[in-house]
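Per-entry structural report
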Amino acid sequence: MPNMSLNKVKMPEQAPNVRNKNFEEVSLGYTKEMAIEEAERCLNCKNPKCIEGCPVNVKIPDFIGRIASGDFDGAYDVISETNALPAICGRVCPQENQCEGKCVRAIKGESVAIGRLERFVADYKMNKGDKKVPEIKKNGHKVAVIGAGPAGLTCAGDLAKMGYDVTVFEAFHTPGGVLMYGIPQFRLPKEIVQEEIDFLSKLGVEIRTNSVVGRIVSIDELFEEGYEAVFIGSGAGLPSFMKIEGENLNGVYSANEFLTRINLMKAYKFPEYDTPIRIGKNVAVLGGGNVAMDAARSAKRLGAENVYIVYRRSEDEMPARKEEVHHAKEEETQFVLLTNPTRIIDDGEGGVSGMECIKMQLGEPDASGRRRPEKIENSEFVLNVDTVVVAIGQSPNPLIKKTTPNLETQKWGGIVADEKTGATSIKGVYAGGDAVTGAATVILAMGSGKTAAKSIDEYIKGLQ
Amino acid sequence: MYKIVKKQILNDTVTLMEIYAPAVAKKAKPGQFIILRVNETGERIPLTIADFDSEKGTVTIIFQIVGKTTSVLNQLSEGEYILDFVGPLGTPSELDGLKKVAVIGGGLGTAIAYPQAKALSKMGTEVHLIAGFRCRDLIILEKEMKAVSDKTVIVTDDGSNGNKGFVTTALDKLLAEGNEYDMVVAIGPLMMMRAVCNMTKEKNIKTIVSMNPVMIDGTGMCGCCRLTVGGETKFACVDGPDFDGHQVDFEEAIRRSRMFKMEEQQSRDEHCNLMKKEVK
């Protein structure tokens, strides 16, 4: 008999006024008992919609059924058939728009907590420490992967399991991409990401850090070096700015800079770590996505008194995960909605003394289907801030395009790649993740890495 | 890990190191830079490539000991290793098709100007090299500079080398003597580059400067190296580090260079205190 409770089993969390002063993980995860109780809410539908909602089609009712019967190892095996990074996805996937959004239980009450259950299983396996390295028969073919983020790591892992010699080229000194530099410790502990990367090494994947493809080696040269195919997963690293007056003042950061200093360079441990970060008393974060929430919550943890999310639409249109918005509010982030900045004000010494904003209202829906924000004339006001973080999006890094002339790209910089195969305009070169789609989600990037791995395998087999 | 194959003290505060990084050496071009991280808790700092030898697989860096990172780096000896060393980054200098060029280096900037002078000289360009230092004891690379230039003028602020003046006075003099330059390359402190640009703008001589702002990734990802050039925001790490000096907003660049002054001081002080304790 299923558990008919309308609500998800609550996941223990650090209390808001405790956690907003530390960088430890906010959500603490289910116990075995909680996981079983929640798993019993699954109705095991004959025609499970949740699987369709998952970009990598995890067999959700199957793994949840195994949790309910206490077979956690079996549950892990089911998930890992299609998802190489469950500990990460359980934490950062926008489940409400994917699997959980399709769950029949959500018609009346809350959906089954699929994300929390996935996380539980992955953490259980990690703590147990007996993740099996499959036996791999090498096939003697070499593939190069550019970028050690979610797309590249997934592609590399899948190819390695098929027997390929995979080398991943990573620009930073640490692999992981956005999982390391972007998403904060309190949402995705770096130890978990490291564990997944270590597992790839066990599969025989070689990761070369400090290697900027386009500078140290070109894609043409990779082929000359004997790689038979290349996967580009270089992400969306180019930060967008508002292009308003005062944006180059000291105290204005791109979210990329702000988060990279904190997460990758560990500026939150300054001066134990050498990279500094300066947080004022009053911080405005521009944008309504997960990156904006991460920046706002980080600012709070670094001692800011007032942290504002300044967003030009209303809360309904915010692209951030619901849970992140909820957590940000609990941690006393103030939401200044239907508001757009018009200029950042100089304090006379090159720093920020305030930000002029204008109020907005929602008009007709635009191309994205969301109602278009319009200015309300003469509604300008000044928000008292001394630090501004611009988190309005990123586009693909132009470096690879610049150094690979025959690689076709969209006007806005995205690499043109076949949705079904990941194939680009160059033979043997595949692409996926944010480098193709522009800033999207970890799971979509992983899905495209998976697709490309399959295509690359078929392509190389076809060469013989 | 990247091995330090040679270390040479150029003066009290300036050190040269040759680093074994064959893949970087193979691709390096004048005007490009590397980013290094000395150890696990270290920050990433950009340093211009002062020289490279693709056969030996080495890249030469020259740095001034100004803060904690450069101080820690300077404590390493030949045979020891730097944790991370990434490059070559940035767009190489455009030096083709020039007949006569004045290359100006100020202080440590001389180390960055030197590879440009060397490359120009190799291409058959007539090179006049002007280098300015605060005093005689701080003069670096004198022999190397003379080897790659048709004329070398070294000036000191205090005149202790027998030739008192600033790089601008030296340039003024060369121009007054009738020298006509296709281009001026000015590399050094922001104030110096601004002074050179103000002068050459009046005389309508194209001037290239090399900007060296704070950076993290060096691949265009963080935007912390942004500056305004010709009214547009540019990233020094990918659009530069070379820019048309007449278009650069130096006032803004100078302000931005002070962003982390307080934190840099704190880091340096804590490091010095720690060193003192160790000595005791």
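All figures in this text were calculated on a predicted structure; none of them were measured in a lab. (Residues numbered from 1 in each chain as written. Chains lettered and ligands numbered in written order. Predicted model: local features only at pLDDT ≥ 70, side-chain atom pairs only at ≥ 80, totals over all residues. Heavy atoms only, no water.)

Residues and elements named next belong to chain B. Remark: helix 6 (residues 190–202) packs on helix 8 (residues 250–257), axes separated minimally by 10 Å, with the N-to-C direction vectors making an angle of 175°. One element, helix 6, and the other, helix 8, form an angle in the roughly antiparallel class. Contacts between helix 6 and helix 8 pair Leu 190, Met 191, Met 193, Arg 194 and Cys 197 from the former with Phe 250, Glu 251, Ala 253, Ile 254 and Ser 257 from the latter. Grouping the amino acids of the contact of helix 6 with helix 8 by side-chain chemistry returns seven nonpolar, one polar and two charged. (Axes fitted to C-alpha atoms, helices over the stretch in contact; angles between N-to-C directions. Helix = DSSP H or I, 4+ residues; strand = E, 2+ residues; numbered from the N terminus. Parallel < 35°, antiparallel > 145°, perpendicular 65-115°, else oblique. Contact = heavy atoms within 4.5 Å. Nonpolar A, V, L, I, M, F, W, Y, C, P; charged D, E, K, R; others polar.)

Trans is the prevailing form of peptide bonds, just as negative phi is the prevailing case for residues other than glycine. In this model, Phe 270 of chain A is joined to Pro 271 of chain A through a cis peptide bond whose omega is 5°. Mapped onto the secondary structure, Pro 271 of chain A falls in the loop between helix 13 (255–264) and strand 7 (282–286). The backbone phi angle of Lys 243 of chain A is positive, close to 60°, even though this residue is not glycine. With respect to the element layout, Lys 243 of chain A can be found in the loop between strand 5 (238–239) and strand 6 (252–254). Judged by its relative accessible area of 78%, Lys 243 of chain A is exposed. One non-glycine residue, Asn 204 of chain B, adopts positive backbone phi at about 60°. Using a relative accessible area of 71% as the deciding quantity, one classes Asn 204 of chain B as exposed. (Buried < 20%, exposed > 50% of the residue type's maximum accessible area, 1.4 Å probe, protein only.)

Moving on to the interface of chain B and chain A. Contacts between the two partners involve 49 residues from chain B, matched on the other side by 42 residues from chain A. Across the interface of chain B and chain A, roughly 3800 Å² is buried in total on both sides, 53% from carbon and sulfur atoms. Per-residue buried area on chain B facing chain A is highest for Met 221, Arg 226 and Met 259 of chain B; these three make up 18% of the total on that side. Taken together, the links from chain B to chain A amount to three salt bridges. Across the pair Lys 27 of chain B and Glu 221 of chain A runs a salt bridge, and its minimum N-O distance is 2.6 Å. The interface formed by chain B and chain A includes 19 residue pairs in polar contact (both at pLDDT 80 or more). Sorting the residues of the side of chain B that touches chain A by element identifies helix 1 (22–27), helix 2 (68–74), strand 7 (84–89), strand 13 (226–229), strand 14 (232–235), helix 8 and helix 9 (261–279) of chain B as the ones contributing at least two each. Taken together, the residues of the side of chain B that touches chain A sort by class into 19 nonpolar, 14 polar and 16 charged. (Buried area = accessible area lost by both parts, 1.4 Å probe. Salt bridge = Lys/Arg side-chain N within 4 Å of Asp/Glu carboxyl O. Polar contact = N/O pair within 3.5 Å; in protein donor to acceptor, adjacent residues only side chain to side chain.)

Looking now at the domain arrangement of chain B. Residue and element names in this part refer to chain B. Each assigned domain of chain B is listed here: domain 1 (2–89) and domain 2 (100–257). Inter-centroid distance (C-alpha atoms) of domain 1 to domain 2 is 21 Å. The partner domain 2 presents 22 residues to the 17 residues of domain 1 that form the contact. Of the roughly 1600 Å² buried at the junction of domain 1 and domain 2 (both faces included), carbon and sulfur atoms supply 63%. (Domains from an automatic or database assignment.)

Residues and elements named next belong to chain A. Viewed as axis vectors pointing N to C, helix 2 (residues 32–39) and helix 4 (residues 60–68) meet at an angle of 130°, and their least axial separation amounts to 8 Å. If you check the angle between helix 2 and helix 4, you find them oblique. Here the hand of the crossing between helix 2 and helix 4 comes out left-handed. Residues Ala 35, Ile 36 and Ala 39 of helix 2 lie in contact with helix 4, whose contacting residues are Ile 64, Ile 67 and Ala 68. Taken together, the residues that form the contact of helix 2 with helix 4 break down as six nonpolar, no polar and no charged. (Left-handed = near helix turned anticlockwise from the far one by under 90°.)

Residues and elements named next belong to chain A. Within this structure, the stated rule accounts for 11 aromatic pairs over all chains. Geometrically, the ring pair formed by Phe 23 and Tyr 268 is stacked, given 4.2 Å between the ring centres and 15° between the ring planes. On the criterion of sequence distance, the pair formed by Phe 23 in the loop between helix 1 (16–19) and helix 2 and Tyr 268 in the loop between helix 13 and strand 7 is long-range, its members being 245 residues apart. Measuring from ring centre to ring centre gives 5.0 Å for Phe 72 and Phe 120, while their planes differ by 85°; the resulting arrangement is edge-to-face. Of this pair, Phe 72 sits in helix 5 (residues 72–82) while Phe 120 sits in helix 8 (residues 114–128), placing them 48 residues apart in sequence. Like Phe 120, Phe 72 is buried. Here Lys 131 stacks its cationic end above the ring of Phe 199, 4.3 Å away from the centre of that ring. Between Lys 142 and the ring centre of Tyr 227, over which it is positioned, the NZ or CZ distance is 4.4 Å. (Phe/Tyr/Trp six-rings, centres within 6.5 Å; stacked < 30°, edge-to-face > 60°. Lys NZ or Arg CZ within 6 Å of the ring centre and 35° of its normal.)

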